[in-house]
Amino acid sequence: MWQRIIALAIKEFQSLLRDPKSRFVIVGPPLIQLLVFTFAATFDLSNIPIAIYNQDGGQAAQALVARFEGSGHFKNVATIHRESDIARVIDSREALMVLTIGPRFEADLRSHQPTTVQLIIDGRNSNTAAIALSYANTLIADFNTQWQTRHQLRAPPSVIVTRAWFNPNLESRWFIVPGIVAILMLVVVMVVTALSVAREREQGTFDQLLVTPLRPVEILIGKAIPGFVIGLLEGSMIILLAVNAFAVPFEGHVLTLYIGMGLFLLSAIGIGLMISALAATLQQAVLGVFLFLVPAIILSGFATPIANMPPFVQDLTLINPMRYFMIILRGIFLEGSSFQSLQNQFWPLAIIGLVTLAAAGWLFRHRMN
Amino acid sequence: MSPPTPRRGSSWMRMGGLIRKESLQILRDPASIAIAFLLPVVLLLIFGYGVSLNAKHIPLAFVADAPDKESAALLASFNHSSYFSPRIAPNLATAERWLLNRQVDAIVHVPSDFSAQLHTASQSAPLQLIINGVDANQARLTQAYIQAGWQSWLAARTQAAGLEHSAAAAQPVALAARIWFNPELRSRDYLVPGLIAVIMTLIGALLTALVMAREWERGTLEALMVTPVHINELLIGKLVPYFVLGMGGMALSVAMAVWLFGVPFLGSWWLLVLTSALFLLTALGMGLFISIVARNQFVASLIAIITTFLPAFMLSGFIFDIGSMPGWLQNLTYLVSARYFIVILHTLFLAGDVASVLWPNTLALLAIALFFIAASRRKIRKSLE
Amino acid sequence: MPSLLLKNDTQALGTQGPETQALGTQALVIQGLYKSFGKAPRSTQAVNNVSFCVPMGAIVGLIGPDGAGKTTLMRLMAGLLTPDAGSLQVLGVDVQKDPLTVQASIGYMPQHFGLYEDLTVQENLTLYADLQGLPFNQRPDRYQQLLAMTGLGAFTDRLAGQLSGGMKQKLGLACTLVRPPNLLLLDEPTVGVDPVSRRELWAIVIQLVQEEGMTVLLSTAYLDEAEHCDEVILLHEGQILGQDTPAAFTQHLAGRVWGAKRHQGLRRHLQAELRQQPGILDAVIDGDWVRVLLAEQTAPPALPDGVWQPLPPRFEDAFVLMLHSQPAPQTAPALAPPASPPIEPTPRERPAEVIAVHGLTRRFGAFIAVNAISFSVQRGEIFGLLGANGAGKSTTFRMLCGLLPASGGALSVAGVDLFTAAAKARARIGYMSQKYALYEVLSVLQNLKFFARAYGLKGAHLSQRLAWALAEFDLDQYRDTNSGLLPLGFKQRLAMACALMHEPDILFLDEPTSGVDPIERRAFWARINGLADLGVTIMITTHFMDEAEYCDRLVIMSQGRILAAGTPAVIRAQAQTEAAPNPSMEDAFITLITAPTQPAGAGA
């Protein structure tokens, strides 16, 4: 039995890797995507275009403007002299925000009157707006602290001392890169497994396969092996690159990582083979891949937290293997999670894997009739 | 009967024939209909409801080493906010264990000498905040929310004490932020229009990515090519039916955005139709181009998967800010047509007809659409070589 | 003598319409044409210095073995490929300069005519009417005429995908002809089509030439069809070997073609014996006789307890002779009698009945594809399954191979039903599907290895079988070539090699020779005969009626039922009438198939 399965697996590898086009498609894009998306996928803003409407012009106002300019997050793109210009620069997206410093800014400040600077933000992209606002808040708070120390004012009654665990500088790249690892592994595995049977059906080789002594289960295993091996190799390669080239910390244990990867690959392969068994044509298989891939990525907690979703969608994510794998990867990379602390992620993955593989096997036999 | 020579007939007749053929094929193939209408509905529903960056009920551990009046007031200010669901931890060790097990996202720790320091003029009482920084973006937002809660507690406390003057001392400069277009920063208002662009990229490419490759593989193209049909007619015959289908899907998506998700629409409808049509042309044109270059359904589908959804999701500014990407990558995003359409949609939905935004982006869409159609035109020759 | 259509029918067609005459007397003028594929040094010269003319109003056949360049030549004429050198004038227009004008005045039917299978018959016709610009007022008449001609009138609302192979081919032809072209190019229009449909297709072509003054250039793998052409162009490895009337090709063969017959023993044994004899260039089974082509100035060799009879030469004899005299390494080894494959003779005590089918039925919804058929096959027999396209042959095959469950009845192959039997039972059969299902991106060696291992071969046995397959099928030169890039004949060899790697007791061959040229087919049948002698049971479907003669027994199926069963002689006898005292297998087939609607002897 194993000899036949291995023969089939070897054949699968050969047909994936012999053709230069498909070889490239399997190896090239994941690496390119890792590179591109790692740089693209960050919530840390830099060069936020800001316009300054400084009606005061005094020393303190200059200092405040300088603080914005020197923070690295903002880039002064326009200096405004009229109120009416505010709408123009915001509407045209020339600047994301306009900082307005009133004419009595320095006078109020020196006379210990409460004073206010106004910030108008383009809310079209609410997330960017919220992040930009939080940067501005921090800058103003820093300015206040400095002002108070310089002028020997009374210290504020309370301060917040923040410590961020696992990611002290709150670098969103550390959060995103493990997610990209999971996405790329999923895409490769789906491409390798979900399209394989449909391809044989279209080429007419599937019948030839069925008249050999290979049993449906053996065909299934033979088709699963390349997905598993390629997924594991590519996953390892991407992780090595992420840790070495992008300096993402790796705190956990390699063994825990591979247990997680193995379980995740099983569940992804199960889904891929289910699509494969259902699809009569390549087009249907591709459609199936998309229908699974897109929600699986969006509802995995990759970019937006699952906790923010409404309850019924949160329940829906429970059947998404990506959800668990995201937590496992981030736990192992950043938190140094142990096997025990990830147990609750491992067993759902194992169950999804078993159910989908069994369903794929059943569909496979069923579709033959 | 003697044969007329040469047998050509009008271009309209040939195009009409091709369009009718393609339409019939679409009608007979439930997959195309499903892609055009079912897919946007399902995806918009899932994402519209599922994707949100607005945190609510952030699980928070609250630890007071020596609970007293001050710490209770602070806790009350968190309890009032819908952003948090605070849990009181008996001690810091327990709270830290909760944080490790992902039961809470942050710990607010009131040290034992907090009250004492609060009343000492020369010192600031430190309030300790421990955050799980894995999700940096959420951590930052959580931090901002907690800061806001803390500030409102501080303001209330100052006010109660009648210390008007020291308010200025506590905070010499206050920031008054006014957010235009989306004052509550509802992430759905910005995500839903972006989603329309991402989904339509997917649908446009999926609809056309396989059509040409399919004709190659089934041998129907060879028979078509020896008829007097001109390449332009062939391309138009392919594009028109899928364009109509795609516009249907687009209309459905916009209707859902406005009526189901309540996203305001401030722009002009005619501009929406015009820009949507252009955008759809870029997506269809790209699919067609892939289809022509690949000639084989397997490769075409792989290229479509790789070049459509993920770039539209990651490089379009849909979630991740383009301005924060490195320069070389920003240049790359100019190739992603969803980038322009997302800006147009955000503006039309939330800001209205802002000519200075709409025109450059519309022209960019036009350029990309022309590029793909011209590239398809160049690549598809009436030849088997 | 095949009795499709008589030659004098077509010779009367030399008359040309007044309009076509205005274009000159040649429909097609080709001079010094070259076309190669791939980059040097691995390029292949598909068309190599070809020059010929096709006169107006003639039917000209383009004939040659696989890979001779027939399809490339057709595509060049249709303006789908650009020649490397040379000139191409179609209807007085330079193809390279103005392909659209040429495409507007010719009709071209590619080998696999791309019908839109999800459109109905009428919708396909309408599409081509639009594309070819047929004015609306002419359409109703033309549709009616074409539908009547092709017999598709009753099926206008049926999806093209649901038509049988023969009907699809006729619809393809109708689509090509919606607006009558001046020149019709047909690339192997009759491949994979049953004899009845073939005859109908030919009738259409001849009618066109007669009524519409069309010029027809067609390529074909059926050499008997060559005899209905006004002229034949023989193409070999991209070069023209000759152009003449079919009669001229066979003239010099007078007295060299003989039939041999022995009173006892199998015809195929006599054939194999005669092939070995010096001075005999070709030996094939032809009805009750073994047809022999002698070398020049040779008398028939002595034949103990047998008789010789002179036979009239056919075009096929000329074709084989032509290719014989070519120094062509590609096809030469195939002509040599192959060594017997080293298959262990199966022990005699096995049950003699290897395949038994009783009341086998298969339904697809309301449609009954196979309707209560029964037959049995003995060990070591070559058993043929014949029938029109859509008669239920492939469905029967798939049920026997365990690819499809039966809806009713009983079947056993080697004592078991393969659909329910353990996987191990499948190791006893070999299966070669219609389209040579090979992994196209895998090399020849990788294909062989995979199938051998899938059947559990390993170690020394595996390497021994690999060596055998590469040598026996002469595949060594291609061992590292992707199987998708092989010439068709070699694909067929590889598919057969893959099916034989595990030395099966029973071999299922589904149209194994479709589209394969006569030379390859001879080598193929020599192998099959050798296998049968070793005790391998062979079940085969084919559309070549001359191949049916190689079967020990056969059944003819139509509409899911068995119309006739028995030895080839018994079947031929069923079609015997006074008008046709000595019918060929093809005559018998057509008589049997068309019997319910037409009286016997209809096609003659």
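Residues numbered from 1 in each chain as written. Chains lettered and ligands numbered in written order. Predicted model: local features only at pLDDT ≥ 70, side-chain atom pairs only at ≥ 80, totals over all residues. Heavy atoms only, no water.

With respect to the overall build of chain C
Helix and strand counts for chain C come out as 21 helices and 23 strands. Here chain C, with 604 residues, has 58% of them falling under the buried criterion. Sequence separation of 24 or more characterises 71% of the internal contacts of chain C that already satisfy a separation of 6 or more. Per element, the accessible surface of chain C, about 22100 Å² overall, is 53% carbon and sulfur. (Helix = DSSP H or I, 4+ residues; strand = E, 2+ residues; numbered from the N terminus. Buried < 20%, exposed > 50% of the residue type's maximum accessible area, 1.4 Å probe, protein only. Contact = heavy atoms within 4.5 Å. Areas by Shrake-Rupley, 256 points an atom, 1.4 Å probe, with all protein chains shown as cover.)

A look at the interface of chain B and chain A
Interfaces are often sized by the accessible area lost when the parts come together. Taken together, the contacts link 110 residues of chain B with 109 residues of chain A. Here chain B meets chain A over a buried area of about 9800 Å², counting both sides, of which 70% is carbon and sulfur. Counting across the interface, chain B meets chain A through zero salt bridges. At the surface where chain B touches chain A, the tally comes to one residue pair in polar contact (both at pLDDT 80 or more). Residues that form the side of chain B that touches chain A fall into these classes: 72 nonpolar, 26 polar and twelve charged. Sheet topology places strand β5 (residues 158–165) of chain A next to strand β4 (residues 125–132) of chain B; eight bridges connect them, and they run parallel. When the bridges of β4 of chain B are listed, I160 of chain A appears paired with L127 of chain B. (Buried area = accessible area lost by both parts, 1.4 Å probe. Salt bridge = Lys/Arg side-chain N within 4 Å of Asp/Glu carboxyl O. Polar contact = N/O pair within 3.5 Å; in protein donor to acceptor, adjacent residues only side chain to side chain. Nonpolar A, V, L, I, M, F, W, Y, C, P; charged D, E, K, R; others polar. Pairing = 2+ DSSP bridges.)

A short note on the nonpolar core
Counting residues in hydrophobic clusters, the biggest one holds 441 residues, and the most contacted among them are F302 of chain A together with I355 and F508 of chain C. Sorting elements by how many residues they give to this core places helix α7 (residues 172–194) of chain A first, with 16 residues. In contact with F508 of chain C, not counting residues within four places along its chain, are I355, F397, L400, C401, V413, I429, G430, Y431, M432 and M539 of chain C. Core analysis: the second largest hydrophobic core is formed by eleven residues, A51, Y53, V98 and I120 of chain A among them. (Core = buried A, V, L, I, M, F, W, Y, C linked by side-chain atoms within 4.5 Å.)

Topic: the interface of chain C and chain B
Taken together, the contact pairs 47 residues of chain C with 35 residues of chain B. Each partner contributes to the roughly 3700 Å² buried at the junction of chain C and chain B, and carbon and sulfur atoms together form 58% of this total. Summed over the three residues of chain C that lose the most area to chain B, namely L80, Y116 and L131 of chain C, the buried surface amounts to 18% of that side. For the pair chain C and chain B, the interface holds three salt bridges. We note a salt bridge from D130 of chain C to R20 of chain B, for which the minimum N-O separation is 2.5 Å. Elements represented by at least two residues in the side of chain C that touches chain B include exactly α4 (99–105), β6 (106–109), α5 (121–131), α6 (139–150) and α8 (195–212) of chain C. Among the elements that take part in the side of chain C that touches chain B, α5 of chain C stands out by supplying seven residues, more than any other. When its residues are assigned to classes, the side of chain C that touches chain B shows 22 nonpolar, 14 polar and eleven charged.

Some remarks on the domain arrangement of chain A
Domain boundaries in chain A define domain 1 (2–41 + 171–368) and domain 2 (48–150). In this structure, domain 1 of chain A and domain 2 of chain A have C-alpha centres spaced 47 Å apart. (Domains from an automatic or database assignment.)

What to know about α8 of chain C
A turn of α-helix holds 3.6 residues, and therefore any two residues three or four places apart point the same way. Residue and element names in this part refer to chain C. With 18 residues, α8 extends 25 Å between its outermost C-alpha atoms, agreeing within 8% with the 26 Å of an ideal straight helix rising 1.5 Å per residue. Among the 18 residues in α8, 13 count as buried, and that is most of the element. N-cap assignment for α8: the residue whose side-chain oxygen lies 2.9 Å from the backbone N of V196 is D194. One or two steps after α8, the chain reaches G213, where phi turns positive at roughly 65 degrees. (Expected span 1.5 Å × (residues − 1).)

Brief notes about unusual backbone geometry
If you check the backbone angles, N47 of chain A has positive phi at about 55 degrees while not being a glycine. When you line up the elements, N47 of chain A lands in the loop between α2 (20–40) and β1 (48–54). For E188 of chain C, which is not glycine, the phi dihedral falls at a positive 45 degrees. With respect to the helices and strands, the residue E188 of chain C is situated in the loop between β7 (183–187) and α8.

Quick notes on the domain arrangement of chain C
Residues and elements named next belong to chain C. Along its sequence, chain C is carved into domain 1 (7–247), domain 2 (249–335), domain 3 (353–560) and domain 4 (567–604). A C-alpha centroid distance of 33 Å is found between domain 1 and domain 2. The interface is formed by 17 residues belonging to domain 1 together with twelve residues belonging to domain 2. Taken together, both faces of the contact between domain 1 and domain 2 bury some 1300 Å²; the carbon and sulfur share is 73%. For domain 1, the biggest contributors to the area lost against domain 2 are L223, L234 and L241; these three give 36% of the whole. At the junction of domain 1 and domain 2, the tally comes to zero salt bridges.

Looking at the pairing of strand β9 (residues 231–236) of chain C
Residue and element names in this part refer to chain C. The buried fraction of β9 is high, at five of six residues. Where strand β3 (residues 59–63) lies against β9, four bridges are found, and the strand directions are parallel. Looking across to β9, one finds that V60 is bridged to E231. Examined bridge by bridge, β9 and strand β10 (residues 239–244) share five bridges and lie antiparallel to one another. Across the sheet, the residue bridging to V232 is D244, located in β10.

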